Amino acid sequence: MVLEVGRRVDDASIAELTRADSIEKRRAHFAVGTVVLKTMVEELIDMGFEWVLPVMLSRTTDPLWPDPGASIEKRIELEIYGERVRTMQSMIVHKRVLVSLGPEKFFILSPNIRIEKRERAYTGWHLYEFTQLEIEMAYARMQDVFRVYERIMSAAVRRVREEMRDVLQALGRELPELRPPFKVVSRRELVKKYGEDWERRLPHEIREPVWVTDIPREFYDYEDFETGEWRNYDLYLPEGYGEVISGAEREYEYEKMLTKIKRDGLRAEDFEVLLRLAREGRLKPSAGAGLGVERFIAYVVGARHVAEVQPFPRIPGFVGEL
Ligand code: ASN
């Protein structure tokens, strides 16, 4: 169904999508998205998660560096009240502070701005503004996070299949049921099997979602300094769709975090609160992740471009009419 990764859409379909009056054609996507969001939020609340609200401007944000998947063209900083603030690339730093000071189990629908390189428009899988369904749980392990997302995603798919059969049919989408637990494979195994290009190939090779673990990236994900193993994970979707969740067990020790911040060439003063809590022994171990809301809905409706589920598409390199 989906064209080759890296070129899922062309300029003509992007031009069409970014016209303000193209909304009408995509109304079915918003109806499905409503059921998806409602189900996931209800399931999280049933599991005892508290719903907290996002921030959008802050002195600190996710550096998104080093990350093999990142391709940020511009980082947005602005001045307000005489202070420099950044727009949120993700709320990871805030999640770590909040989970340590309370509540210990929460979720956030968090808007992120990531000015991705223009060529990413054509992957069909990148946006310059999107929303993450973020969770964080104190003292949790990666398997706990797997179970939470498996439950909310499979419940959402079940509900859409049951309640929106006609809409799926009109969209021409044959949506398979999700059957947890999903398979878990390490990045090292994938490199052996598919080579360094595993990330492009995997979404075309799998028939069910797969958790990929042990990915070297930002300082806040837990790294075992003895074995070199990272206790982090991404969830990949089949049918050519790809990564939809990213998360990790987290670093919480002061010295280790500082070593990694310096190793990555970041500025310790950008993460002052995190480091202060860690130094005082108040930064709790936790695990969490974020699900790309538009990506998951795009998978559910069978969209060619993830922007098809946004009312006002935010496609890298293309600023629409609204
Ligand atoms: N949401 C991710 C996490 O919880 C971080 C990210 O978006 N870079 O780990």
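Thresholds applied
Residues numbered from 1 in each chain as written. Predicted model: local features only at pLDDT ≥ 70, side-chain atom pairs only at ≥ 80, totals over all residues. Heavy atoms only, no water. Helix = DSSP H or I, 4+ residues; strand = E, 2+ residues; numbered from the N terminus. Contact = heavy atoms within 4.5 Å. Pairing = 2+ DSSP bridges. Axes fitted to C-alpha atoms, helices over the stretch in contact; angles between N-to-C directions. Near = heavy atom within 4 Å. Polar contact = N/O pair within 3.5 Å; in protein donor to acceptor, adjacent residues only side chain to side chain. Areas by Shrake-Rupley, 256 points an atom, 1.4 Å probe, with all protein chains shown as cover. Core = buried A, V, L, I, M, F, W, Y, C linked by side-chain atoms within 4.5 Å. Buried < 20%, exposed > 50% of the residue type's maximum accessible area, 1.4 Å probe, protein only. pLDDT = per-residue confidence, 0-100. Phe/Tyr/Trp six-rings, centres within 6.5 Å; stacked < 30°, edge-to-face > 60°. Parallel < 35°, antiparallel > 145°, perpendicular 65-115°, else oblique. Left-handed = near helix turned anticlockwise from the far one by under 90°.

Next up on the list: the environment of Lys-284. Note that Lys-284 resides in the loop between helix H9 (272-279) and strand E13 (286-292). In sequence terms Lys-284 and Val-41 are 243 residues apart; their C-alpha atoms lie 25 Å from each other. When sequence neighbours within four positions are dropped, the list of residues in contact with Lys-284 reads Arg-96, Val-99, Ser-100, Glu-104, Ala-138, Tyr-139 and Tyr-252.

Here we take up the sheet that holds strand E8 (residues 129-138). Spatially, E1-E6-E8-E13-E12-E11-E10-E9 is the arrangement adopted by the eight strands of the open sheet, whose pairing is mixed. The sheet is open, and its two edges are formed by strand E1 (50-51) and strand E9 (183-186), each paired on a single side. As judged from the seven bridges shared by E8 and E13, these two strands associate in the antiparallel manner. The residue of E13 that forms the bridge with Met-137 is Ala-287. Packed on one face of the sheet, helix H2 (residues 27-46) meets E1, strand E6 (105-113), E8 and E13 and runs near 145° to E6. The sheet contacts of helix H10 (residues 293-301) involve E6, E8, strand E11 (232-237), strand E12 (242-249) and E13, and relative to E13 the element is tilted by about 55°.

Here we take up the sheet that holds strand E4 (residues 77-80). Taken in spatial order, the three strands make up an open sheet running E2-E5-E4, and their pairing is antiparallel. Two strands lie at the open edges of the sheet, namely strand E2 (57-58) and E4, each paired on one side alone. In terms of strand pairing, E2 meets strand E5 (residues 83-87) through two bridges, oriented antiparallel. Bridge pairing in E5 places Leu-57 opposite Thr-87.

A few words on the site of the ligand. Neighbouring residues of the ligand: 13 residues in total, closest Asp-62, Lys-95, Gln-132, Glu-134 and Arg-250. In the model, a nitrogen atom of the ligand is placed 2.9 Å from a nitrogen or oxygen of the Glu-134 side chain. Protein contacts shield 93% of the accessible area of the ligand, which totals 270 Å² for the unbound molecule. Sorting the residues of the shell around the ligand by element identifies E8, E12 and E13 as the ones contributing at least two each.

Core analysis: the biggest nonpolar cluster contains 58 residues, and Tyr-149, Met-153, Leu-291 and Phe-296 have the highest contact counts within it. Of all the secondary structure elements, the ones that give two or more residues to this core are helix H1 (11-17), H2, E8, helix H4 (142-163), E11, E12, E13 and H10. For this core, the element with the most residues is H4, which contributes ten residues. Excluding its chain neighbours within four sequence positions, the residues that come into contact with Leu-291 are Met-40, Thr-131, Gln-132, Leu-133, Tyr-149, Met-153, Val-244, Ile-245 and Phe-296. Core analysis: the second largest hydrophobic core is formed by 15 residues, Ile-92, Leu-266, Phe-271 and Leu-274 among them.

Before going further, it helps to spend a moment on the side chain of Arg-114. Considering the arrangement of structural elements, one finds Arg-114 in the loop between E6 and strand E7 (115-116). At 2.8 Å, the side chain of Arg-114 forms a polar contact with the backbone oxygen of Gln-89. Contacts of Arg-114, omitting those with residues within four sequence positions, involve Leu-64, Ile-72, Gln-89, Ser-90, Leu-127, Tyr-128, Phe-130 and Gln-132.

Moving on to the confidence of the model for the protein. This prediction gives the protein a mean pLDDT of 95; 98% of its residues lie at or above 70. Ignoring residues within four places in sequence, the model shows residues 1-6, a span with pLDDT below 50, making 15 contacts including any to other chains.

A few words now on helix H8 (residues 254-263). Since the α-helix packs 3.6 residues into each turn, any two residues three or four apart lie on the same face. Those residues of H8 that fall on the buried side of the exposure criterion are Lys-256, Met-257, Leu-258, Lys-260 and Ile-261. On the buried face of H8, the contacting elements are H9.

Looking now at the packing of aromatic side chains. Considering all chains together, one arrives at ten aromatic pairs under this definition. Judged by centre distance (5.6 Å) and plane angle (70°), the ring pair of Phe-219 and Tyr-220 falls under edge-to-face. Judged by relative accessible area, which is 0%, Phe-219 ranks as buried. On the numbers, 5.6 Å between centres and 90° between planes, the contact of Tyr-241 with Tyr-299 is edge-to-face. Of this pair, Tyr-241 sits in the loop between E11 and E12 while Tyr-299 sits in helix H10, and the two are 58 residues apart along the sequence. Look at Tyr-241 and you get buried, because its relative accessible area is 2%. Ring pairs connect the aromatic residues Trp-125, Tyr-241, Phe-296 and Tyr-299, which therefore count as one cluster.

Turning to the packing of H2 against H4, a few remarks are in order. Close contact between H2 and H4 brings their axes to 9 Å; oriented N to C, the two are set at 140°. What the angle tells us is that H2 and H4 run oblique. The handedness of the crossing between H2 and H4 is right-handed. Along the contact surface, H2 presents Val-32, Val-35, Val-36, Lys-38, Thr-39, Met-40, Glu-42, Glu-43, Leu-44 and Asp-46, while H4 presents Val-148, Arg-151, Ile-152, Ala-155, Ala-156, Arg-159, Val-160 and Glu-163.

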